Amino acid sequence: MSSVFSRPPRGRLSLRLAALAAATGLIVTVGGCSAGNPVATGSSTRPVSSSPSATAAASTPSAPTPTATSSSAPAPVTVATNPTADAVEVNPVTPVTVKAAHGTLADVSLTAADGTPVKGATSGAGAAWSSSGRLAFDTAYTLAYTTKDTAGATRTQTQQFTTVAAQNEADAIVYPSAEMKTVGVGQPIQFRFSEPVLNRDAVEKAIAITSSAGQKGDFHWYSNQVVRFRAPQYWKAHSTLTIDAKLFGVDLGNGQIGNQDYHQTIRIGDEKIAVADSATHRMTISVNGKQVGGYAVSLGDEEWPSTYGTKVIMDQHVTTKFNAGTIGLKPGDPKYYPPLTVHYASRISNGGEFIHQALPSAQPLLGLINVSHGCIGMSPTGAKWVYDNMTAGDVVIIKNTGYGPMEPTDGFGDWNVPWSAWAN
């Protein structure tokens, strides 16, 4: 799934000193120039130097003189450039090159419209020049080069091109963010792109995610803008994940070009897993395989059951507001409740499921029946322990709700996708 962004070619033709041919009896051959795809690696070739110095052969009316001499002009210097002159929508990752034939490059400069120079160097005894600095998006550049032919004559030429316009830039948001120091063993790595990705293979090849514990993972695309990465099992406790995403210049398809690289290290904390059982109304919590706590809980009731499956904590709030209107309830509905403040809330889904301190009216029912709208209600002590000791990416497993599983994108329900389906 890819798309080549191209522009129609432009033609140029240069003529050189036709009078020279008539004066010397020589034929001077002058090359033409054709522009290729400005986004791809087209080139333009043009003669840039001609030194018309020739001596006519001596002759007599009757016969050629064997001692007559003649000399021809140096072959004109021809230059091929990439990008071509007047190219537009040039990918900023494209190296700018100048190559000379029948002569050398005496000087080359590449400058942005604001005067910022782009570094580069010559090679091949002055026959070629290539940029080494990265170009910018939505910028006009001037390429100037001076050539020298075999007779020492020089000539300077300039041409312009522009890079990919701002509307064709694409960026990504990476989660966990760089500000998050440590996450739990269940946290997948997510890339959310600002534009649709058609060239998924190109994006995956540009992203390297390595584990210090040697775990291998794979990508799973939920849409053409969201891709996540995880291993077959939870990340190893106390390991690190390194993200090295070279997305700058990657063609996402449909003319959209990645505009940024990403590099960050993610630290994995202890293996913390909370298991809430709707049938027993109990939650057990383990750290690195050892049970550290058990609490009475209340999950969603029969009308508003909790979704089951494996989830991870997304974010946490010492206090937050709950509004029944966000789940479709209106005043007058039997299950409606006025806006209220809850304490020690740890979100586990986008759909509104939290672990939180149960309301005072529900606390006597903990461990006995389920009375919530899908959340896990706990005692003040239990909810505070989760808030204080667990973090984003820590695992929460909900069992026996009699309802369907959590959708993978309703938060981070990725562990509910079998590995055989994940990697395909």
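Here is what the cut-offs are and how they apply
- Residues numbered from 1 in each chain as written.
- Predicted model: local features only at pLDDT ≥ 70, side-chain atom pairs only at ≥ 80, totals over all residues.
- Heavy atoms only, no water.
- Pairing = 2+ DSSP bridges.
- Helix = DSSP H or I, 4+ residues; strand = E, 2+ residues; numbered from the N terminus.
- Axes fitted to C-alpha atoms, helices over the stretch in contact; angles between N-to-C directions.
- 1 Å grid on protein atoms, 1.4 Å probe; cavity = no way out; pocket = protein on both sides within 12 Å on 5 of 7 lines; lining within 4 Å.
- Points joined across faces, edges and corners; volume = space filled by probe spheres on them.
- Nonpolar A, V, L, I, M, F, W, Y, C, P; charged D, E, K, R; others polar.
- Core = buried A, V, L, I, M, F, W, Y, C linked by side-chain atoms within 4.5 Å.
- Buried < 20%, exposed > 50% of the residue type's maximum accessible area, 1.4 Å probe, protein only.
- Contact = heavy atoms within 4.5 Å.
- Salt bridge = Lys/Arg side-chain N within 4 Å of Asp/Glu carboxyl O.
- Polar contact = N/O pair within 3.5 Å; in protein donor to acceptor, adjacent residues only side chain to side chain.
- Phe/Tyr/Trp six-rings, centres within 6.5 Å; stacked < 30°, edge-to-face > 60°.

Enquirer: I tried to follow the sheet that holds strand E15 (residues 189-193) on my own but got confused; where do I start?
Expert: Paired through backbone hydrogen bonds, the strands of a sheet run either parallel or antiparallel to each other. Strand order in the open sheet formed by four strands is E13-E15-E18-E17, and the pairing between neighbours is antiparallel. Each edge of the open sheet is held by one strand with a lone partner, namely strand E13 (172-175) and strand E17 (218-221). Looking at each pair of strands side by side, their axes are set apart by 20° on average, direction ignored. Relative to strand E18 (residues 226-230), E15 runs antiparallel, the two being bridged by four bridges.

Enquirer: What is the right way to look at the pairing of E17 in this model?
Expert: Remember that side chains alternate between the two faces of the sheet whenever the strand is regular. As defined by bridge partners, E17 adjoins E18 across four bridges and the pair is classed as antiparallel. When the sheet's bridge partners are listed, Phe219 is paired in E18 with Phe229. Linking two consecutive strands that pair antiparallel, namely E17 and E18, is a turn of four residues.

Enquirer: Sorry if this is basic, but what is going on with empty space enclosed by the protein here?
Expert: Over the atoms a probe the size of a water molecule is rolled, and this reveals where empty space is left. For the coordinates displayed, the defined rule picks out three cavities of 30 Å³ or more. The computed volume of the largest cavity comes to approximately 50 Å³. Lining the largest cavity, in full, are Ala170, Asp171, Ala172, Phe193, Leu247, Leu252, Gly258, Asn259, Gln260 and Tyr262. Considered class by class, the residues forming the lining of the largest cavity number six nonpolar, three polar and one charged.

Enquirer: Sorry if this is basic, but what is going on with the nonpolar core here?
Expert: Note on soluble globular proteins: their nonpolar side chains tend to be buried together. Of all hydrophobic cores here, the largest spans 30 residues; its most connected members are Ile189, Phe191, Phe193, Val203, Ile207, Ile243 and Leu247. When residues of this core are traced back to their parent elements, those giving at least two are E13, E15, helix H2 (200-206), strand E16 (207-211), E17, E18, strand E19 (240-245) and strand E22 (262-268). Other than its neighbours up to four places away in sequence, Ile189 contacts Tyr175, Pro176, Ile209, Val227, Arg228, Phe229, Leu241, Ile243 and Ile266.

Enquirer: Would you explain the environment of Thr326 in this entry?
Expert: Position of Thr326 among the secondary structure elements: in the loop between strand E27 (315-322) and strand E28 (340-347). By relative accessible area, which is 66% here, Thr326 ends up exposed. Sequence separation between Thr326 and Gly352 is 26 residues; the distance between their C-alpha atoms is 8.2 Å.

Enquirer: Got a minute to help me understand the layout of surface pockets in this structure?
Expert: Volume-wise, the largest pocket comes out at about 790 Å³. Looking at the largest pocket, it is lined by 37 residues, and the ones nearest its centre are Phe322, Tyr337, His373, Gly374 and Cys375. It is E27 that contributes the most residues to the lining of the largest pocket, four residues altogether. Split into classes, the residues belonging to the lining of the largest pocket amount to 16 nonpolar, 15 polar and six charged.

Enquirer: Any chance you could explain the pattern of salt bridges here in plain terms?
Expert: With the rule as written, the count across this model stands at seven salt bridges. Residue Asp414 is joined to Arg228 by a salt bridge in which the shortest nitrogen-to-oxygen separation is 3.0 Å. Taken together, the positions of Asp414 in the loop between strand E31 (395-399) and helix H4 (419-422) and Arg228 in strand E18 put the pair 186 residues apart, joining distant regions of the chain. Note on accessibility: Asp414 and Arg228 belong to one class, buried.

Enquirer: Help me understand the side chain of Thr307 in this model?
Expert: Positionally, Thr307 belongs in the loop between strand E25 (290-298) and strand E26 (309-312). Overall, Thr307 belongs to the buried group, its relative accessible area being 13%. Here the side chain of Thr307 touches Lys311 through a polar contact of 2.6 Å, side chain to side chain. Look past the residues within four positions of Thr307 in its chain and what remains in contact with it is Glu353, Ile398, Thr401, Tyr403, Gly404, Pro405 and Met406.

Enquirer: Is there a simple way to think about the environment of Ala101 in this case?
Expert: Turning to its location among the elements, Ala101 is positioned in strand E6 (residues 97-101). Ala101 sits in the partly exposed class, given a relative accessible area of 30%. Once the C-alpha coordinates of Ala101 and Asp149 are considered, the two residues, 48 residues apart in sequence, prove to be 9.1 Å apart. Contacts of Ala101, omitting those with residues within four sequence positions, involve Pro76, Val77 and Thr78.

Enquirer: Any chance you could explain the packing of aromatic side chains here in plain terms?
Expert: Any pair of aromatic rings gets described here by the distance separating the centres and the angle formed by the planes. A complete count under the given rule lists eleven aromatic pairs for this structure. Relative to Phe412, the ring of Tyr175 lies with its centre 5.4 Å away and its plane at 15°, an arrangement referred to as stacked. One end of the pair, Tyr175, is in strand E13; the other, Phe412, is in the loop between E31 and H4, with 237 residues separating them in the sequence. Look at Phe412 and you get buried, because its relative accessible area is 6%.

Enquirer: Which parts of the structure should I look at to understand the pairing of strand E9 (residues 128-131)?
Expert: Examined bridge by bridge, E6 and E9 share three bridges and lie antiparallel to one another. Bridge pairing links Val98 to Trp129 in E9. Bridge count for strand E8 (residues 120-123) against E9 is four bridges, and the pairing is antiparallel. Considered in E9, the bridge of Gly120 is made with Ser131. Once E8 ends, the chain turns through four residues before running back antiparallel as E9, passing Gly124 with a positive phi of about 60°.

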